[in-house]
Amino acid sequence: MAISEEAIVRSELRWAAIAIGVVSVIMLALIYAGLVHHINPPSNIERIDPKTLHLGGEFTEANLGTRVSADGQVTSRIVATQFTFQPRCIVLPANRRVTLRFATPDVIHGILVSGTNVNTMIVPGYVSQVHTEFTRTGELLMPCHEYCGLGHSEMSAVVRIVPSEEFKPDAEGKVACDAR
Amino acid sequence: MDRTPDPLDRPWRVWASVAILSVFAFSLLFGFVLLPVIQGRAAGVDAFESICRALGIRPGSPSGRQPETSAKAQPTTRVAWSAELMDALANPEAAGESVAGSCAGCHGRDGRAVDLALYPDLAGQSAAAIYKQLHDFKSGSRRSPVMAPLVQSLSEEQMIAVSAHFAAFPLRPLPAAQFPAADPAIEELVARGDAARRIAACNACHGEQSGGPTEAPRLSRQSREYLAAQLHAFKSGERRNDIYSRMRSVAQPLTDKEIEGLALFYAATRTY
Amino acid sequence: MPRARWPVTHARNLTFAHLWFGFIAFGAALVLGVWQMWSRSPLPAPFVTSSTYFSSVTAHGTAMAYVLPVFLIMGFGYFVAETSLGRPLPAPRWAWSAFALGVAGALMATLTIFSGRAAVLFTFYPPLTASVFFYVGLVLVVAASWIWCVLMMVAMAQWKQANPGRPVPLAMFATVANAVMWLWTTVGVAAELVFQVIPAALGLKAQLDVGLSRTLFSWTLHAIVYFWLIPSYIAFYTMLPRAAGGRLYSDTMGRLTFILFLIYSLPVGLHHLLMDPEQSNAFKFLQVALTALVSVPTLLTVFTIGASLEIAGRLRGGRGLFGWIRALPWERPLVLATGLAFVMLGFGGFGGLINMSYGMNAMVHNTSWVTAHFHLIFGGTVVIMYFAIAYAIWPAVSGRAAPSLKAQRVQLWLWFAGMMVMTLPWHYLGLLGQWRRVATFNYADPTIAAWGPWVVVSLVGGVILLASGVLFLLNLLQFNVQREMHAGVVGELYAMAVHPPARVPAALNGFRLWNTLVLVLMILAYGYPIAQFFVGNPPQALVHRVDERR
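Residues numbered from 1 in each chain as written. Chains lettered and ligands numbered in written order. Predicted model: local features only at pLDDT ≥ 70, side-chain atom pairs only at ≥ 80, totals over all residues. Heavy atoms only, no water.

### A short note on the overall build of chain C
- For chain C, the helix and strand inventory stands at 15 helices and four strands.
- Here the C-alpha radius of gyration of chain C, 23 Å, is about what a compact globule of 550 residues would show, namely 24 Å.
- Projecting the C-alpha coordinates of chain C onto the three principal axes gives extents of approximately 65 × 50 × 45 Å.
- Buried residues in chain C amount to 68% of all 550 residues.
- Nonlocal contacts in chain C, meaning residues at least 24 apart in sequence, comprise 83% of its contacts between residues at least 6 apart.
- In the structure as shown, chain C presents an accessible area of about 17,800 Å², 70% of it carried by carbon and sulfur atoms.
- Side-chain charges in chain C split into 31 positive and 13 negative, and the spacing between the mean points of these groups amounts to 10 Å. (Helix = DSSP H or I, 4+ residues; strand = E, 2+ residues; numbered from the N terminus. Rg over C-alpha atoms; globule rule 2.2 N^0.38 Å. Buried < 20%, exposed > 50% of the residue type's maximum accessible area, 1.4 Å probe, protein only. Contact = heavy atoms within 4.5 Å. Areas by Shrake-Rupley, 256 points an atom, 1.4 Å probe, with all protein chains shown as cover. Lys, Arg positive; Asp, Glu negative; His and termini not counted. Charge placed at Lys NZ, Arg CZ, Asp CG, Glu CD.)

### A closer look at the confidence of the model for chain C
Residues and elements named next belong to chain C.
- For chain C, the average pLDDT comes to 93, and 97% of its residues sit at 70 or higher.
- Per-residue pLDDT, averaged within each element of chain C, yields its smallest value for helix α10 (residues 323-327) (91) and its largest for helix α4 (residues 132-162) (97).
- Reported for the predicted complex are a pTM of 0.94 and an ipTM of 0.94. (pLDDT = per-residue confidence, 0-100.)

### Focus on the environment of Met-363 of chain C
- Mapped onto the elements, Met-363 of chain C comes out in the loop between α11 (333-355) and α12 (368-398).
- Since its relative accessible area comes to 45%, Met-363 of chain C is described here as partly exposed.
- Met-363 of chain C sits 67 residues away from Gly-430 of chain C along the chain, and the two C-alpha atoms are 9.0 Å apart.
- Those residues within four positions of Met-363 of chain C in sequence are excluded, and the remaining contacts are Thr-116 and Asn-117 of chain A.

### Side note on the environment of His-18 of chain C
Residue and element names in this part refer to chain C.
- Structurally, the position occupied by His-18 is in helix α1 (residues 10-40).
- A sequence separation of 58 residues divides His-18 from Phe-76, and the C-alpha atoms of the two residues are 8.4 Å apart.
- Residues in contact with His-18, not counting those within four places in the same chain, are Phe-71, Met-74, Gly-75, Tyr-78 and Phe-99.
- Of note is the side chain of His-18, whose polar atom sits 2.8 Å from the backbone oxygen of Leu-14. (Polar contact = N/O pair within 3.5 Å; in protein donor to acceptor, adjacent residues only side chain to side chain.)

### Some details on the packing of helix α9 (residues 184-192) of chain B against helix α13 (residues 256-267) of chain B
Residue and element names in this part refer to chain B.
- One can describe the packing of α9 onto α13 by two numbers: an axis separation of 10 Å at closest approach and a directional angle of 75°. Considered as vectors, α9 and α13 are oriented roughly perpendicular to each other. Between α9, through Ile-186, Glu-187, Leu-189 and Val-190, and α13, the contact on the second element is made entirely by Glu-258, Gly-261, Leu-262, Phe-265 and Tyr-266.
- Residue composition of the contact of α9 with α13, by class: six nonpolar, one polar and two charged. (Axes fitted to C-alpha atoms, helices over the stretch in contact; angles between N-to-C directions. Parallel < 35°, antiparallel > 145°, perpendicular 65-115°, else oblique. Nonpolar A, V, L, I, M, F, W, Y, C, P; charged D, E, K, R; others polar.)

### Comments concerning the environment of Ala-103 of chain A
Residue and element names in this part refer to chain A.
- Summarising the element assignment, Ala-103 is placed in strand β5 (residues 97-103).
- Separated by 43 residues in sequence, Ala-103 and Glu-146 place their C-alpha atoms 14 Å apart.
- Sequence-distant contacts of Ala-103, that is, excluding residues within four places in its chain, are made with Leu-53, Phe-59, Ile-78, Val-79, Ala-80, Ile-122 and Tyr-126.

### Observations concerning the state of the cysteines
- Within the structure shown, the criterion is met by one disulfide over all chains.
- Two residues, Cys-89 of chain A and Cys-177 of chain A, share a disulfide whose sulfurs are 1.9 Å apart. Looking along the S-S bond of the Cys-89 of chain A-Cys-177 of chain A disulfide, the torsion reads about -70°, which is the left-handed sense. Of this pair, Cys-89 of chain A sits in strand β4 (residues 89-93) while Cys-177 of chain A sits in the segment after β11 (174-175), and the two are 88 residues apart along the sequence.
- In this structure Cys-177 of chain A comes out as buried when scored by relative accessible area, which is 17%.
- Just so you know, Cys-148 of chain A is unpaired, no disulfide at all, and the nearest cysteine sulfur is the one on Cys-144 of chain A, 3.8 Å from it.
- Free of any disulfide, Cys-205 of chain B has its nearest neighbouring cysteine sulfur in Cys-202 of chain B, separated by 8.9 Å.
- By relative accessible area, Cys-205 of chain B is classed as buried at 16%. (Disulfide = S-S within 2.5 Å.)

### A few points about the interface of chain B and chain C
- Each partner contributes residues to the interface: chain B has 42 residues there, and chain C has 44 residues.
- Buried surface at the junction of chain B and chain C, summed over both partners, amounts to about 3,500 Å²; 64% is from carbon and sulfur atoms.
- The largest share of the area that chain B buries against chain C comes from Trp-12, Phe-24 and Gln-209 of chain B, three residues that together contribute 19% of it.
- Summed over the shared surface of chain B and chain C, the number is eight residue pairs in polar contact (both at pLDDT 80 or more).
- Every element with two or more residues in the side of chain B that touches chain C is listed here: α1 (9-43), α2 (47-55), α3 (83-90) and α9 of chain B.
- Top contributing element to the side of chain B that touches chain C by residue count: α1 of chain B, with 13 residues. (Buried area = accessible area lost by both parts, 1.4 Å probe.)

### Things to note about the sheet that holds strand β9 (residues 138-143) of chain A
Residues and elements named next belong to chain A.
- As summarised here, the arrangement of the three strands in space is β4-β10-β9, forming an open sheet in which the pairing is mixed. The sheet is open, and its two borders are formed by β4 and β9, each paired with just one other strand. Ignoring strand direction, the axes of neighbouring strands in this sheet form an average angle of 25°.
- Examined bridge by bridge, β9 and strand β10 (residues 156-162) share six bridges and lie antiparallel to one another. Bridge pairing in β10 places Leu-140 opposite Val-159. (Pairing = 2+ DSSP bridges.)

Given below as structure tokens:
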């Protein structure tokens, strides 16, 4: 063979350096996204008992949906259960930081809001939380994207993003979708 | 077997350990400290809290404020399933016959209603389903001027016992009378649901192998009038004791014709 | 390297039996896969109900992710153990018992799935709980594979004792690396099944900790893909260079690649839980950094195998910067399969880099992008090499000469074409927001209706794959009608390195150092993520039985 062992090792080491370089670029891109755009995975280790979720305060039926608190924080609370979301339609303002909180009383579910970076698993025992800002108005589909049983294919909700002028909370701070 | 340490090996051990420890040091620096602290600074969260959130020992994200909540609980049912309750329903302490005596006037001694047009069957029904309705009648989560006074005197153990008692009876056999052939549109709803209206297949919760909600009742050979009445009640919102609107959301988009069709399907079914 | 004709031994029959069983399961799963794609398309499909669809997905996933790879890896491993080491397999009775155990387990799981009592998918999804026979069936398959792991380790140890100071042949070193890795890998799913899911299935527990079960399963879920791909890489490093008419560029890099897979494929499972609430950002970041490292052995492989092929091409007269590519013997199935595999690896590997991108995984999690990705990278890159391995070793295994190589090439091209046609639109649909695990879509919705044509294109790709799969089985059967006995020698299968090492350090000839490092890595990366479930009292979820009404 014309090529020497040292030359082989050298070329392999050069390539390994390139490979490590590629890997480093990827990690730097992730760090950039994290530091500059605050892009994080939706971790939230907030435990809640699924079996008594419906008896508690935050996820009681009357408190679900979008609510604006006294200090202007917009929070939407949604329950995922076999095989529906409650509420099935939520309304949120565009161009404003919002928080979505999800919980389930039964099995694993998950959601994504189409066309956005809102994506999280909903695991019984935990409250899932996503902070985001919607930039475009319109009706977005929010399907359940994790297998939750035989009714999974039909499980979805609608997220309606409205311009800020149309986003008007009532006296209690709640904003509901219009009845369809 | 390697007995003598090979001089070729030490560099491998050293470099491998260095590589791995460097990766950890890098991840610790960025993932455990820098990212959360810098994100927290922009969001008004202090450094210690940011790191705790990044580690997961406190809830929330380093990059956002935690929302507050002060909502009052308004449960639509007071039943909460638990391992102990499921165990008690499977192995009740008290015997149910004595309690069941007062149910027999309408629901029959063997759980088969004396008049299906007026009362539902209890024979072969899921014990969890019966227990939940009894509890809901007692707490007022489900309104019934007939049932509410009758269950007020029942204790928890008695409700469990009578539920298990009726669950053990066999289903009523199908009458000899001929039923009309099943409507394909109804069979479609039962087996496949309707994606356009976001209705899951009825089987997805009420089928034998569904893995659906604990309190989902068996619908086979139930009173046609009762099934239709309950679907109408869920549709109008008059009945609200389904947890998180599992039944209300399904019944609401159904047409009256579909409700009648479903009630007939289950009343006449041999296979479900 | 053995030069004699390979006598009929247990290993030969074992390889024959294992590969046939795996490929039959594969064939059945292919049919189910096409039906599933049909169900999801706008074209009405027969027999579709939510129950039949999800039972089919469970069967398809179980066959493709557990049965096919385990049986292929066991069978190929027995072949490598005898032919690369030049010694008979130790304890063949144990090997046959393992085969029987695996077959019994696979049949038990399959029958349970087809009775409709196990619609929980191959990833299980507790608290959904299937019939205990489903899980026990899978446990038996894993137990069979553990017996195989021990046999591989024993075979290598015996060879080292008989050949002190000599480097273990690379093919066997890699096989044992895979066996060691598999033993580590299965700890996660075994713990989940033994301590949580099977007690729930037996009715001994009415509730379980879902966060813990998902975390334990994630331990297995990433490492298992490296278990699947290592035989294909064994073919790249030890068989392809010879088939191409050249030599392996660097034996040392080959060893290093398999070692890097062993240590970095395990402490990265949390990247399957990036969108989960129950694991923290900090540990997700750590495991993402380790995931970035597990791309290194693949990048090294692309270079080393590319260089090996360049040597072969230039030996055959190729000139210029890329002329060696054309000079390669593409008519040989193993060479063709490698080329096609590398193309699919380019696409699939890129997809993988997107998936591991920490917070940016939110763009693709649980969309069809993920499904398309693993079909392309596993069903494409890895499985096309499974076919090529079968074609390469079948003359020795069946004792017959190879029939038409053209039919083999056609089958490989069909598989590549089908995989590209099926997965490329599928990736695109994922980016548009199409989500996973759906039996039928609501094509009345205008957004979803726009996806319809692409779903049909994917379905066509699936049909092409089915045709290719059928052709593959026919190609294997063709060997049986050959009269001409296999005249070649088994030794011709394995490649030599450009500079075959006379000695290698113990670190590249054994696994003690690497096992220690795996232990350290797992404690650092998974220690707290698992331990956190034992701190305080995490809430548990009620079991939901899918096998019977309770």
